[in-house]
Each structure stands twice: as structure tokens, then as C-alpha cells.
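Okay, here's what each chain looks like letter by letter:
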Amino acid sequence: MTTALKSPSNGSLAPFVWYGGKSRCAHWVWERFGDLPNFCEPFMGSLAILLARPHEPKIETVNDKDGFLCNFWRAIQHDPETTASYADGPVLENDLHARHAWLVQQTTDLVARLEGDPEYFDPKIAGWWCWGICCWIGGGWCAGVGPWHVEGG
């Protein structure tokens, strides 16, 4: 399945861009680390390093505090088709800002649901989040900071 995620531009297996991501240097990381028996990636982001592992997987531990990331990885594991349908579409500035504002409003409830139910995921949130992070320039996608907010609905 991961080979379908391969990007012709940089060879990355990461399914989305990540500001500060390491997809371009992943091969150097593995050259330096070698075939580790236990790999830990505490700030996983797009999982660019792990997905580029040239060796047979062994013990791999990943983590990130971002609820949107957790939801995305759960959604593509359990309902990839629906998640992909929400991630598909043209880049439109109005959609980008509307989805960004809507997603920021989902943060608190999303994290509570993810932490309260290990099987919970929302493919709409996952797909729109993935679509947006691929469109967004720089950092701050769904961070809840900046001039993007909703007033009165």
C-alpha cells in the first residue's frame, strides 16, 4: 500500500507535506542509523523517516501530540476511500480558508474523542486536514493562531 504514496518528485513515501519534514534527508538518516532493532520517532509528522526505512520493519514506535495527525492515520487505516474522497479536489483559496476555520473549531472535541475511544476517527476531518496541509504554505495549518477565526457561526 505504501508504494502508492511514492512521490515522483522527491521519492518520499509520506502521504502529505509537513512543514519541517525530513523526507529529503531520510536516506541519510537510515545510512547513519543502519538497521535498527528498535526505532522511535517522537515527533512523527508525516512519518517521512519511518516510511523511507529501507530495512524490514522491527519494533517501531511513533508519537505526536497533534490530534489531526492521529485522526488522519486512523482514518486512512480504517476508511481510506472516504478519507481520500475528502482529500481530493482543486485548490481554491475560499475552500482553504473555510476548511481551515472549520477544522480549528473541531480541535477540542476531536482530541477528546481520540483520547476517549481508541477506535474513533473522522474521515471528513482527516481528508480536509490532509488536503489543506498540502495546499498551505509554511507552518501554522490548523494551529489556531493567526487572523483565521469564526465569529457568530
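Residues numbered from 1 in each chain as written. Predicted model: local features only at pLDDT ≥ 70, side-chain atom pairs only at ≥ 80, totals over all residues. Heavy atoms only, no water.

Novice: Which parts of the structure should I look at to understand the pattern of salt bridges?
Specialist: Oppositely charged side chains can pair when the atoms bearing their charge come close. Inspection of the entire model under this criterion finds four salt bridges. In this structure, R53 and D35 form a salt bridge, with 3.2 Å as the shortest nitrogen-oxygen distance. In this pair, R53 is assigned in the loop between α2 (48-51) and β2 (59-62) and D35 in the loop between α1 (26-33) and β1 (38-41), connecting sequence segments 18 residues apart. One salt bridge in this structure joins D109 and R113, with 3.0 Å as the shortest N-O distance. Of this pair, D109 and R113 both sit in helix α5 (residues 93-116), four residues apart, which is roughly one turn of that helix. Residue D109 is classed as partly exposed on the basis of its relative accessible area of 42%. According to the relative accessible area criterion, R113 is partly exposed, its value standing at 42%. (Salt bridge = Lys/Arg side-chain N within 4 Å of Asp/Glu carboxyl O. Helix = DSSP H or I, 4+ residues; strand = E, 2+ residues; numbered from the N terminus. Buried < 20%, exposed > 50% of the residue type's maximum accessible area, 1.4 Å probe, protein only.)

Any link to function would need more than the numbers given here.
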